[in-house]
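# Structural characterization, general
The lines below spell out each chain.
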Amino acid sequence: MNLYQFCYGIVHWLVGLVNNIWYWLGDFLPWYFGDLFTAIGNFAASEGHLWFMTLLVESVVVVVIALINVLNFLWIFRKLSGRILDFYGPYYVGYRIGGWLQNLADGMKLFIKEIIVPTKADRLGFLLAPVIFVGSSLTILAVIPFSVDFGISTSESGEYVSAGALFALAAFSIAPFAILLAGWSSNNKYTLIGGMRSAAQMMSYEIPLILCAASVFLLAGSFNFVEIVDAQSGIWFFIPLFIGFVVFLICLMAEVEIIPFDLPEAEAELVEGWTTEYGGMRFGLFYMTTAVRSYAGGALATALFLGGWHGPSFLPDEIWFLIKAYIVFTVFMWLTWSVPRIRIDQMLVFGWRRLLPLAVLNLLIAAALKSGGWF
Amino acid sequence: MAEMWINMGPQHPMTHGLWNLRVKVDGETIVDAEPEVGYLHRGIEKLCEARTYPQIIPIADRLCYGSSLTWSHLYCLTVEDLMDIEVPERAEYIRVMAIEMQRIASHLMWLAAYAGDLGLAVGFTYTMRDREVFVDLLQALTGSRLTYNYPRIGGVAHDLPPDFERDTVRAVQYMEMRLKEYEDLFDGSKIFMMRNVGIGILRKEDGINLGVTGPSLRASGVDYDLRKDMPYSVYPEMDFEVVKHEDGDCYARYRVRMDEMWESCRIIRQALQKMPTGRWRVVAPRNAPVGTGLGRVEDPRGEAVMYAVGDGTDRPYRLKIRSPIFVTVSAAPKILVGYKLADVVAIMGGLDMCIGENDR
Amino acid sequence: MDDRRKPRTTGVVLNPMKRTGKQLVRTLILGKPNTVLYPEEKLDLPQVYRGKHALDFKKCIGCGNCVVVCPNDCMWLEKVEDPELGKIERPGVDLGRCMFCGFCAEVCPTVALHMTTEFELADSDRENLRLSPLDIRDDSFGETFVEEREKRLVPVLDLSKCDGCEKCAGECPEMCIAMMPIENTGRKKPEINLVKCKSHGKCAETCPEKALTMTEVYESYFDMPEPKLILDNCSGCGLCARKCPSEAIYMLEMPGTEKTLKNGKKGKPKKRAVFVLEKCVGCGRCYQACKFDAIDMPGVRK
Amino acid sequence: MSEGDKRSSAGVVGIETAPSRVGENPERRVLRALAESFPKTVSEGTQLRPGVMRAKVDRSDLYSVCRTLREDLGFEHLTMISAVDYDDRFEIIYHIASYQSRLLIELISTTPKDDPVVDSVSSIWGGANWQERESYDLMGIEFKSHPKLERILLPKDVLYHPLRKDFRG
């Protein structure tokens, strides 16, 4: 049974339950109301409505599970940072589960803080930017399946969004717009520079990222996550496309904005970069969204290069998928805490002069492999 | 982007204290800079005129939170010059050992702040952790962790505590092991080198003319260290080298301080070996004679000078303090112009700002 | 210098990653991180640590040297009544102003004031930080550690017993006792050169009146001011002798100054103050107490 | 190490001087050079310690004395400018060090109480700029032809000079 069937069952049962009321009302009330309610009941029982409701329930299930993983990511981020930096990390809140509840406690604290909009800020842009940033990042989570049977599929046979990978990459690159908006609308020099840096950075790193993903699409012959992962059942793509894998990881770090590339919020020179003027839960949302994007990045790297949910069968597929994503994230963290921040011009030079040629080379290798008939 | 002034400070993560660096940027390139200081001016020079000579020692500690021992040591040297006191030899050795420990601790704190500025949080925590070793030693020696109040006019406050030699030798060994690790962590990192090599070049002539002293000047190729060139205390007895680099960039400044830590480890070892027995303190007279006293030491940040005028009472008539950072920071515009905004943190971090002694 | 290595950046970021990876293994798998979980575990503090004050009421003589030397004016003398010691003056301390420099403990002539290793002193109310002498009283603290300042056995003179027999001066092997006449009283008192004294104790043994006793005195590193008597101004009221915490001032009669009363009898002779400087702790309370400007003490504020 | 030993022994050269000028120690040489160049304005040249000298300079000639020190005698580092407020005069004390010969000279210049003006030396040593501003700020000494003589440690609207003895806070 896959997730679609499971959710379909739930929706079917729920609709049946509710339809009892509609039909009873239809029988009970006078004719002009009765027909209406009967029509509603009929509509609710129709295949199209059931399909739509199933999709909604599916997305809720998938996104909630992904968000729980994001909480885990935050916890790993703090715990691992602590251990690398030689201290304990979260400890007291949720003492028995290793301080896991610390993020929830921080979230609650941030929720009760005042929302401050600077007087001279552009109010609409200032309030809209977090929404765009968070919304676009959450959208990525919806299209990445955990396994063949666990994702937002559109039919009983497990049909996923056919251009899911493209959709994910597209949603990934909405963020600079939100950052630029946030930086500009805050009416602060630091945020403005942070936003500008973010735009420049995202633009220069988006291209190698997409080129590396394109080489995977070339080998797999599809934009669909399930088909891409199925194409890796023999050999994971990071072995033939090792250059692409490394470039992809570096670009992901730049997209997620963690330390060697966290120039938009370089706290030493630009106080907190583009998030300087945001406080309370808005800042908390930005913080959480960084974890969401880390998770999405790890999941993308897993699905595109690390064989997705393939693994020895003693663990379920979903767990394999998560383990791989966690490992990618751990490597991110490890690298993050080992190096200082890079400078913006060096970063652009690195992006355009090093990563882009490598990504093109990687694409050539992929094309050669494909035309040679190995894949 | 048009040119605009950016205030980096008074409340800014780069400043490590309360001062303001106004930079004029064209895009991300700095075209002009203007430091503004004075936010932490406490009037210590005036304060000293109202206190007796021993009471000023804890005030001198408060001049710099990073290396308080060197300042109280400098104050004691100045007053000993004024009063013409002969300090027992054991006290001199203890002082030299303690201020070299303080130098290591101060340089480690600088390295921590510098690493933090560059975004290397690991560098911050590791160096602060290893600084703790020396702070613990100094705590066992002096009784406090930050403002030690240890040197006295005519000696030091306490003798060495039991087991101190053993602990010190261990700490120095640990430190030398750690220094190798830092060289992997910093020098071995391509990104660190990219951020440092060729950034913030201070030419030799500019450095001399602008009065820059200490490690920042030695990184520009001037071979001048007061410990060698105008020896005070028992530094002539010690065998160490003056560290010098020719490049004058951020990396050279970093390198000079790292090498100075090696030399300090050597000095601490020698001071322990050569330490004589005997008294560690003599009674200082209450009143100073009419005259002047001059103390001039090599602070971790540069050349620190105090000039005391005595008028025959138990309070100094005037105490002038020369802070090395006060002069060094006035050279900041010269170094900053032409580099990127992100280099401000590397350059100003590399100069090792300390606002306490800067504003006095 | 051989153990220094040249930097290698060929690994790009692998060198620092090696170091952080080692640290990760060390903290995550092998053992605990370096930090201390503070409220649960506390670090050992060294003996010389300067924390909250502790005052030994029995050793303290209430001289107020600590009050004088304090750079922040955070100490004061307070009148306390003790069932054992009677009415006494003991110092209190305002921890809100204290900067824990330790001068008060260092200057204490009887080593009654100590700095303990207690450092958790925060309070939400400023008033609670003003500690009265009773709050810092700890009579047994001094026994818990070895005092660094050296004790000396020195002969201390009780002038009320001394009859000026000069035996002590003859016995001293270091020749450090000289008999000095006291002006206007016709008596002599032994003056002991404490720098030369080697603590033989012969003077105390030979003294027929037991006026000299060997007492343990802590060395002082502070050059304290000494009082000088201006004899012409002295009215012989004896206020300074009552105020002196270390009982270094004796009021001696001056023969030949008796006034003739109305009934023809001779009255009591005038008195003058005599200082036994070996006992003096230099607190300046005699100077502050004297209403006739008969005591001069340079460097002390009235 | 041999180089370092040589240097340290050169730094603490003995105070006793040979009678001939050939063996004259560097402190005496500097003082004599100053006294010969400015016979009227430089006075009381003494050697305090090995490597440390003191001389008094009339304020009218301060700039040219400093120029000579910088350009001819190799004193390229201005260590400290301190001002002292005496009952009848201000003393402005320049500590100037030489990196080449490892010397330090203490130049004392005096101004009357009602006219605390001396020449600025910030065109000779760039490092003098802020130190002169500090002396102006705290002691009220005015430095002629200083490029930017403003308060530096205190706010710009303060009216007093706090380190003067007649200042009561």
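Throughout this document, residue positions are counted from 1 along each chain, in the order its sequence is written. Working convention: letters from A go to chains and numbers from 1 go to ligands, in the order in which they are written. Given that the model is predicted, a residue must reach a pLDDT of at least 70 before its local features are reported, and side-chain atom pairs must reach 80 or more before they are shown or counted; all residues, however, enter totals for whole chains, interfaces and linings. Side-chain calculation: all heavy atoms of the structure are included, whereas hydrogens and water are not.

## So, the side chain of Asp 86 of chain A
Looking at the secondary structure, you find Asp 86 of chain A in the loop between α3 (47-84) and α4 (102-111). Think of it in three bands: residues with accessible area under 20% of the maximum for their type are buried, residues over 50% are exposed, and the middle band is partly exposed, with areas taken using a 1.4 Å probe on protein chains only. With a relative accessible area of 8%, Asp 86 of chain A lands in the buried category. When neighbours within four sequence positions are excluded, Asp 86 of chain A is seen to be in contact with Tyr 126 and Arg 129 of chain B together with Gln 23, Thr 27, Pro 33, Asn 34 and Thr 35 of chain C. Each helix is a run of H or I in the DSSP string that is no shorter than four residues. Each strand is a run of E no shorter than two, and both are numbered from the N terminus. Throughout, a residue-residue contact means that at least one pair of heavy atoms, one from each residue, lies within 4.5 Å.

## Considering the arrangement of the chains
Most contacts, compared over the four pairs of chains touching, are made between chains B and D. A gap remains between chain A and chain D, with no contact made and the closest C-alpha atoms lying 25 Å from each other. For chain C and chain D, which are not in contact, the least C-alpha distance works out to 12 Å.

## A closer look at helix α8 (residues 189-220) of chain A
All names here are of chain A. In a regular helix each residue adds 1.5 Å, so 32 residues correspond to 46 Å; α8 covers 46 Å between its end C-alpha atoms and thus fits that length. Bend, in this description, refers to the angle at a residue between axes fitted to the seven residues ending there and the seven starting there. Along its length, α8 reaches its greatest deviation from straightness, about 25 degrees, at Glu 206, and the proline Pro 208 lies no more than four positions downstream. Polar contact is defined as a pair of N or O atoms within 3.5 Å, subject to the rule that within protein one atom must be able to donate a hydrogen and the other to accept it, and that residues adjacent in sequence are counted only when both atoms are side-chain atoms. A side-chain oxygen of the first residue of α8 lies 2.8 Å from the backbone nitrogen of Tyr 190; this N-cap is Asn 188. Where α8 terminates, the next one or two residues include Gly 221, which has phi positive at roughly 75 degrees. One fewer than the residue count of a helix, multiplied by 1.5 Å, yields its expected span.

## Brief notes about the interface of chain A and chain B
One widely used convention gives an interface's size as the accessible area the parts lose upon coming together. Opposite the 26 residues of chain A that make contact, chain B presents 31 residues. In short, buried area is how much 1.4 Å probe accessible area vanishes from two parts on joining, totalled over both. Here chain A and chain B share an interface that buries about 2,500 Å² over both sides, 64% of which is from carbon and sulfur atoms. For chain A, the biggest contributors to the area lost against chain B are Glu 269, Pro 340 and Arg 343 of chain A; these three give 24% of the whole. We count a salt bridge whenever a side-chain nitrogen from Lys or Arg sits within 4 Å of a carboxyl oxygen from Asp or Glu. Inspection of the region where chain A meets chain B yields three salt bridges. A salt bridge links Arg 197 of chain A to Glu 28 of chain B, with the nearest nitrogen and oxygen atoms 2.6 Å apart. At the boundary of chain A with chain B, the tally comes to 10 residue pairs in polar contact (both at pLDDT 80 or more). Of all the secondary structure elements, the ones that give two or more residues to the side of chain A that touches chain B are α8 and α13 (344-372) of chain A.

## A short note on the interface of chain D and chain B
Chain D puts 51 residues into the contact, and the matching count from chain B is 46 residues. Summed over both sides, the interface between chain D and chain B buries roughly 3,900 Å², with carbon and sulfur atoms accounting for 58% of that surface. Looking at the side of chain D facing chain B, the largest losses of area belong to Tyr 99, Trp 130 and Leu 153 of chain D, adding up to 18% of the total buried there. On inspection of chain D and its partner chain B, the count reaches six salt bridges. Among the salt bridges present, the one from Glu 49 of chain B reaches Lys 165 of chain D, with a minimum N-O distance of 3.1 Å. If you look at where chain D meets chain B, you find 19 residue pairs in polar contact (both at pLDDT 80 or more). Going through the elements one at a time, α1 (2-11), β2 (52-57), β3 (77-85), β4 (89-98), β5 (103-112) and α4 (128-139) of chain D are the ones with two or more residues in the side of chain D that touches chain B. Taken together, the residues of the side of chain D that touches chain B sort by class into 25 nonpolar, 12 polar and 14 charged. Residue polarity follows a fixed list, in which Ala, Val, Leu, Ile, Met, Phe, Trp, Tyr, Cys and Pro are nonpolar, Asp, Glu, Lys and Arg are charged, and the others, Gly among them, are polar.

## Observations regarding the nonpolar core
Considering soluble globular proteins, one finds that nonpolar side chains tend to be buried as a cluster. Core analysis: the largest hydrophobic core is formed by 274 residues, its most contacted members being Tyr 75, Ile 153, Val 344 and Met 348 of chain B together with Tyr 94, Ile 105 and Leu 107 of chain D. In terms of residue count, helix α4 (residues 89-118) of chain B provides more of this core than any other element does, 16 residues in total. With residues near it in sequence (within four places) discarded, Tyr 94 of chain D still touches Leu 62, Leu 78, Met 80, Ile 81, Ile 105, Glu 106, Leu 107, Val 118, Asp 119, Val 121 and Phe 143 of chain D. Only buried Ala, Val, Leu, Ile, Met, Phe, Trp, Tyr and Cys residues count toward a nonpolar core, and they belong to the same one when joined by side-chain atoms within 4.5 Å.

## A look at the domain arrangement of chain C
Residues and elements named next belong to chain C. When the domains of chain C are assigned, the result is domain 1 (53-144), domain 2 (149-219) and domain 3 (222-302). An automatic or database domain assignment provides the domain bounds reported here. Centre-to-centre, using C-alpha coordinates, domain 1 lies 29 Å away from domain 3. Listed as interface residues are 12 residues of domain 1 and, on the opposing side, eight residues of domain 3. Both sides together, the interface formed by domain 1 and domain 3 hides about 730 Å², and carbon and sulfur atoms give 64% of it. In terms of surface lost to domain 3, no three residues of domain 1 exceed Ile 61, Cys 63 and Asn 65, which account for 48% of the buried area on that side. Residue Glu 89 is joined to Arg 285 by a salt bridge in which the shortest nitrogen-to-oxygen separation is 2.9 Å. At the junction of domain 1 and domain 3, the tally comes to three residue pairs in polar contact (both at pLDDT 80 or more).

## Side note on the packing of aromatic side chains
Classification of ring pairs uses Phe, Tyr and Trp, with its six-membered ring standing for Trp, and accepts pairs whose centres are within 6.5 Å; under 30 degrees between planes counts as stacked, over 60 as edge-to-face, and the remaining range as tilted. Tallied over the entire structure, the rule returns 37 aromatic pairs over all chains. With 5.9 Å between their ring centres and 70 degrees between their planes, Phe 314 of chain A and Trp 320 of chain A make a pair best called edge-to-face. Judged by its relative accessible area of 64%, Phe 314 of chain A is exposed. Under the relative-accessibility criterion, Trp 320 of chain A is labelled buried at 15%. Over the ring of Phe 326 of chain B we find Arg 360 of chain B; its NZ or CZ atom is 5.1 Å from the centre of that ring. One cation-aromatic arrangement involves Arg 89 of chain D over Tyr 86 of chain D; the distance from NZ or CZ to the ring centre is 4.2 Å. Charge-over-ring contacts are defined here by two conditions on Lys NZ or Arg CZ: a distance within 6 Å of the ring centre and an angle within 35 degrees of the ring normal.

## Remarks on the pairing of strand β3 (residues 29-36) of chain B
Residue and element names in this part refer to chain B. Any two strands with at least two DSSP-identified bridges between them are counted as paired. Pairing of strand β2 (residues 20-26) with β3 involves seven bridges; the strand directions are antiparallel. In the strand pairing of β3, Leu 21 is matched with Pro 35. Taking the residues that link successive antiparallel strands as the turn, the β2-β3 hairpin has two residues, and the phi of Gly 27 there is positive, at about 70 degrees.

## Quick look at the side chain of Arg 90 of chain B
All names here are of chain B. Here Arg 90 lies in helix α4. Within the local environment of Arg 90, its side chain forms a polar contact with the side chain of Asp 159, the two groups lying 3.0 Å apart. Separated by 2.7 Å, the side chain of Arg 90 and the backbone oxygen of Pro 276 make a polar contact. Non-local contacts of Arg 90, meaning those with residues more than four positions away in its chain, are made with Asp 159, Leu 160, Met 275, Pro 276, Thr 277, Gly 278 and Arg 279.

## Quick word on the state of the cysteines
Note: disulfide means a covalent bond formed between the sulfur atoms of two cysteine side chains. For the purposes of this analysis, a disulfide is any pair of cysteine sulfur atoms at a distance within 2.5 Å. The tally for this structure, following the rule as stated, stands at zero disulfides over all chains. In this structure Cys 251 of chain A is a free cysteine whose sulfur lies 6.0 Å from that of Cys 212 of chain A, the closest cysteine sulfur available. The class for Cys 251 of chain A is buried, based on a relative accessible area of 0%. In this structure Cys 48 of chain B is not part of a disulfide, and its nearest cysteine sulfur, from Cys 76 of chain B, lies 12 Å away.

## Focus on a nonpolar patch on the surface
Only residues whose relative accessible area exceeds 30% and that form no salt bridge are eligible for patches; like-charged ones are grouped when within 9 Å, while nonpolar side chains (Val, Leu, Ile, Met, Phe, Trp, Tyr) are grouped when within 5 Å. Computed with a 1.4 Å probe, the accessible areas rest on the Shrake-Rupley method; for each residue, only the protein chains presented here act as cover. On the surface, Met 1, Phe 6, Ile 10, Trp 13, Leu 14, Leu 17, Val 18 and Ile 21 of chain A cluster together to form a nonpolar patch covering roughly 800 Å² of accessible area. Taking relative accessible area as the criterion, Trp 13 of chain A reaches 56% and is therefore assigned exposed.

## Re the pattern of salt bridges
Evaluation of the coordinates by the stated rule reveals 61 salt bridges over all chains. One network of salt bridges, with partners in common, ties together Glu 100, Arg 103, Arg 218, Asp 225, Arg 227, Glu 260 and Glu 298 of chain B.

## A look at the confidence of the model for chain C
Residues and elements named next belong to chain C. Considering every residue of chain C, the mean pLDDT works out to 80; 96% of them sit at 70 or more. Looking over chain C, one finds the lowest element-wise mean pLDDT in helix α4 (residues 167-171), namely 77, and the highest in strand β1 (residues 53-55), namely 87. A score between 0 and 100, pLDDT records how confident the predictor is in each residue. Scored below 50 in pLDDT, residues 1-5 makes 11 contacts in the model with residues more than four places away or belonging to other chains.

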